[in-house]
Amino acid sequence: MRADIALGRIGLRAEEVAETLGINRRTWDDMWKREQAPQPIRLSSRLLLWSRDEIRAWAAHGFSPYEDWRRIWNRMLEKGTWGMADVEYSRRAETGDAA
């Protein structure tokens, strides 16, 4: 299996992120280039991928400003709470709404 196909399952290309979020590609490019959104992983000079899990978690957190999101995401990774089953709990914990 080609590496770009295998990585496509866990990573999203820019056009896939934009489609997932329901925005156009130019808007997405502006957002991440201005560091208003999660940043890509550069696999080569022409291949950028975004973590599917990070994009989903970022959306579940209400598209937190990237400065805040970076801190939230790093904490989720450290605690192992980045999986989708834990996103809602983590969001509540961050906002103090834990039930």
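Above this text is the structure in question.
Residues numbered from 1 in each chain as written. Predicted model: local features only at pLDDT ≥ 70, side-chain atom pairs only at ≥ 80, totals over all residues. Heavy atoms only, no water.

> Account for the sheet that holds strand β2 (residues 41-42), with residues named and values stated.
Strand order in the open sheet made by the three strands is β1-β3-β2, with antiparallel pairing throughout. Edge strands, defined here as strands with exactly one partner in the open sheet, are β1 (11-12) and β2. Relative to the sheet, helix α4 (residues 52-60) contacts β1 and β3 (48-51), its axis offset from that of β3 by approximately 55°. (Pairing = 2+ DSSP bridges. Helix = DSSP H or I, 4+ residues; strand = E, 2+ residues; numbered from the N terminus. Contact = heavy atoms within 4.5 Å. Axes fitted to C-alpha atoms, helices over the stretch in contact; angles between N-to-C directions.)

> An account of the packing of α4 against helix α5 (residues 66-79) is needed here, citing residue identities and associated values.
Packed helices, taken two at a time, are described by the angle their axes make and the gap between the axes. Where α4 contacts α5, the two axes come as close as 11 Å, and the packing angle between them is 120°. One way to sum up the angle between α4 and α5 is to call them oblique. Note that α4 runs across α5; the crossing there is right-handed. Facing α4, whose interface residues are Asp53, Glu54, Ala57 and Trp58, α5 presents Trp69, Trp73 and Met76. (Parallel < 35°, antiparallel > 145°, perpendicular 65-115°, else oblique. Left-handed = near helix turned anticlockwise from the far one by under 90°.)

> Any details on the side chain of Glu54? Residues and values, ideally.
Structurally, the position occupied by Glu54 is in helix α4. Of the buried charged residues, Glu54 lacks a salt bridge, with Arg70 as the closest side chain of opposite charge at 8.7 Å. When sequence neighbours within four positions are dropped, the list of residues in contact with Glu54 reads Pro38, Trp69 and Trp73. (Buried < 20%, exposed > 50% of the residue type's maximum accessible area, 1.4 Å probe, protein only. Lys, Arg positive; Asp, Glu negative; His and termini not counted. Salt bridge = Lys/Arg side-chain N within 4 Å of Asp/Glu carboxyl O.)

> Lay out the environment of Ser51 in plain terms, naming residues and giving numbers.
In this fold, Ser51 is placed in strand β3. Residues Ser51 and Pro40 lie eleven residues apart in sequence; the distance between their C-alpha atoms is 7.5 Å. Those residues in contact with Ser51 that sit more than four places away from it in its chain are Ile10 and Trp73. Polar side-chain contacts of Ser51 include one of 3.0 Å to the backbone nitrogen of Glu54. (Polar contact = N/O pair within 3.5 Å; in protein donor to acceptor, adjacent residues only side chain to side chain.)

> I'd like to hear about the pattern of salt bridges, residue by residue, with values.
Throughout the structure, instances matching the rule amount to two salt bridges. For the salt bridge of Arg25 with Asp29, the shortest nitrogen-to-oxygen distance reads 3.0 Å. Here Arg25 pairs with Asp29, and both are found in helix α3 (residues 25-33), just four residues apart, close to one helical turn. Note on Arg25: relative accessible area 39%, which makes it partly exposed. By relative accessible area, which is 15% here, Asp29 ends up buried. One network of salt bridges, with partners in common, ties together Glu15, Arg25 and Asp29.

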